Each structure stands twice: as C-alpha cells, then as structure tokens.
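Listed here are the chains, written in short residue letters.
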Amino acid sequence: MRTLAIAALQTAPVPLDPEASWQRFAAQVRATHELFPHVQLVVVPELLLAAEGPLLESSSDWMEQAAVPIPGPLTDRICALAVETGLWLVPGSLFERAEDGRIHNTALAVSPQGEIVARYRKIFPWQPYEQAAPGSEFVVFDIPGTGRVGLAICYDGSFPEVVRQLAWLGAEIVIQPTLTTTRDREMELVCARANAWTNQLYVVNVNTADPAGVGMSVIVDPEGIVRQQAGPGEEILVDVLDLATVTRVRHYGSAGINRPWDQLARYGEQIELPMYGGTFRTPDWLKGD
C-alpha cells in the first residue's frame, strides 16, 4: 500500500505577531502528533508564520517587516520541530527575502529528518493586491515509499497550467496552502475540484480560518470528488490518501471512463499550442505504460 496520512490544520495566525504565531503553530503541530499518531504530514495555511493581519488591518509594509532568509532562524525552528515530532511539515508559506533583495511568497516542505526538501516560490501572486515577486519554477518532492507531491499556493490554483505542470512532473498530490479572505472562495473550490479531476490527482487546499480568512478547506480525490470540506472556523481535516487510487484512476479512467493522460500521450505531440509555442510532451512517468 502507498498511503499518506495527512492533517490539514485550518487555523489562523496571531495577527502581526510572528513569535506568538510560531508558538501557536508549534503547539498545534505537537497536539496533532499526540492526538493522531498515525499522521505523517501536517500542512497549515499560507503565510501563517508570517502572521499576516486581517485584510482591512494589514500594514502596507508588513511583508517587508516579516520577510526572513531561507535557510535562517525561522526555518531552523521548523526543521527542529519536524525532527522532534517525526513529521513531514508543509508550514504554509513564508515571506522569503532572497539574496537579490526581492521578497517571495515561499512554501517549504521539511522532512522528518529536519531537511528542507522543497522550496516553492509562488508563481502567481494575487496581483495587484499581493506585492511579492513571482517565482518561476514548478516544484515537486518525493516522500520515500509513498509518492510524489507538488506544491502550489492559493491563487496558483486559478491557473490550470500550474497543477497540469505539477502532474506532468509526476505529482500525485498537490498541497496548496491558501489565505483567502474574500467571497471568491467559492470559485477556488470549483478550481480545486477541476484541477483534481482534469489531472487525476489529490488536491489538499487548506485555507485560513475565520476571522483571518473564510476557511472552507477542502480535500479532493483524483476523480474530483470532495472527500472533506471544512466550515469557516478553526478545524482539522485528517485523512489517509491512497496513492493507489491515483494509479487506478489514471489507468482505468475517472468514473471508469475518462483517461485524459492517455489521450494526451497518444495525440499531444501532434497538437500545436500557439500560446505556449510548442506541443504537449508525454511525461516520463507515462512513457512506460
């Protein structure tokens, strides 16, 4: 069996207080580990540890104040917590101050050995509102003996190319920390289901709880079926994702019918994609089928 037991913590920061937000996060991770010892990976919302304030109370220069280097003291604490609990951690995202001085909205994946195994800079910041510099690379990482995971952040999910590219790179799960404070959350839920179904993978979209966000975190399976959905307040979604389901759905089709990856492998290289200046290329993971 290839399974991944996850806990998606729909929670909120202590506004504009990174230290208090860290203490809250660490306590919640430890409590999750104690309550659900079978859980292997914990994910929290976007910018939780950056302690973003509510939408109408955020300081215009907060990103500049909260930005940290990666690696640095904050990531050292995250890595130590991963070692302490034996968990994979996706600690939402941080404001990362890069060596060139730019600030990115960056998600991390940390192994139980305390290693930063993936760093993803949000490619599609929510512009014109979000001022972070966009990243340029799609990122996946492997959990040994389980499968491959892709990282996306919030507004990335509104661009179908993001999850399609992560799936093309072999992702079977996409983890998507989110900070949505507005009523377009309904549209994001549509996108989460569509991204899962069209790419035949799991989507774990964990949003910030009320009052900092509007909640409604969701776990969607490879056929686009919602396994769990939270309400607006603080909540924990615990689930065991069966990666064999991804294999089954991609082989036999969604609902036992639809096989988009097979079709793309069969005809994709013949189809011109004018807006991308190329054609669809068969992913390496599908070439042996």
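Residues numbered from 1 in each chain as written. Predicted model: local features only at pLDDT ≥ 70, side-chain atom pairs only at ≥ 80, totals over all residues. Heavy atoms only, no water.

Chemist: Can you break down the confidence of the model for the protein residue by residue, with the values?
Modeler: Counting all residues, the mean pLDDT for the protein is 96, and 99% of those residues have values of 70 or more. Within the protein, the element-level pLDDT minimum falls on strand β15 (residues 278-279), averaging 91, and the maximum on strand β3 (residues 88-90), averaging 99. (pLDDT = per-residue confidence, 0-100. Helix = DSSP H or I, 4+ residues; strand = E, 2+ residues; numbered from the N terminus.)

Chemist: Can you explain the nonpolar core? Please cite residues and give values.
Modeler: Nonpolar side chains in soluble globular proteins generally cluster together in the buried interior. Counting 30 residues, the largest nonpolar core has Leu41, Val43, Phe141, Ile173, Ile175 and Val204 as the members making the most contacts within it. Beyond its immediate stretch of four places on either side in the chain, phenylalanine 141 contacts Trp88, Ala109, Val117, Ala118, Gly147, Arg148, Val149 and Leu151. Leu9, Val44, Leu49 and Leu89 belong to the second largest nonpolar core, which has 23 residues in total. (Core = buried A, V, L, I, M, F, W, Y, C linked by side-chain atoms within 4.5 Å. Buried < 20%, exposed > 50% of the residue type's maximum accessible area, 1.4 Å probe, protein only. Contact = heavy atoms within 4.5 Å.)

Chemist: Which residues make up the packing of aromatic side chains, and what values go with them?
Modeler: Summed over all chains, the structure comprises seven aromatic pairs. Between the aromatic rings of tryptophan 261 and phenylalanine 280, the centroid separation amounts to 6.1 Å while the plane-to-plane angle is 50 degrees, which identifies the pairing as tilted. Taken together, the residues span a long stretch of sequence, with tryptophan 261 in helix α7 (residues 260-267) and phenylalanine 280 in the segment after β15 at a distance of 19 residues. As far as burial versus exposure is concerned, tryptophan 261 and phenylalanine 280 are alike and both buried. Grouped by ring-pair contacts, the aromatic residues Phe124, Tyr155 and Phe159 constitute a single cluster. Here arginine 164 stacks its cationic end above the ring of tryptophan 261, 5.0 Å away from the centre of that ring. Here the guanidinium or amino end of arginine 250 rests over the ring plane of tryptophan 285, the centre of that ring lying 4.5 Å away. (Phe/Tyr/Trp six-rings, centres within 6.5 Å; stacked < 30°, edge-to-face > 60°. Lys NZ or Arg CZ within 6 Å of the ring centre and 35° of its normal.)

Chemist: Describe in detail unusual backbone geometry, supporting the description with residues and values.
Modeler: In the segment running from isoleucine 70 into proline 71, the intervening peptide bond is cis, with an omega of -5 degrees. By the element assignment, proline 71 lies in the loop between α2 (62-66) and α3 (73-85). Going from glutamine 127 to proline 128, the amide bond is cis rather than trans, its omega being 10 degrees. One can find proline 128 in the loop between β6 (116-121) and β7 (140-143). In this model, alanine 51 sits at a positive phi of 55 degrees, which is unusual for a non-glycine residue. A positive phi angle, near 65 degrees, is found at methionine 216, a position not held by glycine. With respect to the secondary-structure elements, methionine 216 resides in the loop between β10 (202-206) and β11 (218-220). Among the residues examined, methionine 216 registers a relative accessible area of 14% and is labelled buried.

Chemist: I'd like a rundown of the sheet that holds strand β9 (residues 173-177), residues and numbers included.
Modeler: Pairing is mixed across the open sheet formed by six strands, whose spatial order is β7-β8-β9-β10-β11-β12. In this open sheet, the two edge strands, each paired with only one partner strand, are β7 and β12 (226-229). The average undirected angle you get between the axes of adjacent strands in this sheet is 15 degrees. In this structure, strand β8 (residues 147-151) lies alongside β9, joined through three bridges in parallel fashion. Residue pairing for β9: glycine 150 is matched across the bridge by valine 174. Running over the sheet, helix α5 (residues 185-199) touches β10, β11 and β12 and is turned about 25 degrees from β11. (Pairing = 2+ DSSP bridges. Axes fitted to C-alpha atoms, helices over the stretch in contact; angles between N-to-C directions.)

Chemist: Tell me about the packing of helix α1 (residues 18-35) against α3, and name the residues and values.
Modeler: Interhelical geometry of α1 versus α3 gives an angle of 15 degrees and a closest axis separation of 11 Å. Considered as vectors, α1 and α3 are oriented roughly parallel to each other. Handedness of the α1/α3 crossing: right-handed. Within the contact between the two elements, α1 uses Glu19, Trp22, Gln23, Phe25, Ala26, Val29, Arg30 and His33 and α3 uses Leu74, Arg77, Ile78, Leu81, Glu84 and Thr85. When grouped by side-chain class, the residues that make up the contact of α1 with α3 number seven nonpolar, three polar and four charged. (Parallel < 35°, antiparallel > 145°, perpendicular 65-115°, else oblique. Left-handed = near helix turned anticlockwise from the far one by under 90°. Nonpolar A, V, L, I, M, F, W, Y, C, P; charged D, E, K, R; others polar.)

Chemist: Can you explain the environment of glycine 157? Please cite residues and give values.
Modeler: Locating glycine 157 in the fold gives a position in the loop between β8 and α4 (160-168). Residues glycine 157 and cysteine 191, spaced 34 residues apart in sequence, show a C-alpha to C-alpha distance of 6.4 Å. Among all residues touching glycine 157, those that are not within four sequence positions of it are Gln176, Cys191 and Asn195.

Chemist: Can you break down the environment of tyrosine 120 residue by residue, with the values?
Modeler: For tyrosine 120, the location among the structural elements is in strand β6. Taking the C-alpha atoms as reference, tyrosine 120 lies 8.8 Å from alanine 109; in sequence the two are eleven residues apart. Apart from residues lying up to four places away in sequence, tyrosine 120 is in contact with Asn105, Thr106, Ala107, Glu137, Val139, Leu151, Ala152, Ile153 and Asp156. Engagement of the side chain of tyrosine 120 in a polar contact is seen with the side chain of aspartate 156, the distance being 2.7 Å. (Polar contact = N/O pair within 3.5 Å; in protein donor to acceptor, adjacent residues only side chain to side chain.)

Chemist: Give a description of the pattern of salt bridges that names residues and reports values.
Modeler: Considering all chains together, one arrives at 15 salt bridges under this definition. When the shortest N-O distance is used, the salt bridge between glutamate 19 and arginine 77 registers 2.9 Å. Here glutamate 19, found in helix α1, pairs with arginine 77, found in helix α3; they are 58 residues apart in sequence, far enough to count as distant. Its salt-bridge partner being arginine 119, residue glutamate 96 comes within 3.2 Å of it at the nearest N-O pair. One end of the pair, glutamate 96, is in strand β4 (residues 93-97); the other, arginine 119, is in strand β6, and 23 residues separate them in sequence. Exposure remark for arginine 119: the relative accessible area of 38% places this residue in the partly exposed category. One connected set of salt bridges, linked through shared partners, spans Glu46, Lys122 and Glu130. (Salt bridge = Lys/Arg side-chain N within 4 Å of Asp/Glu carboxyl O.)

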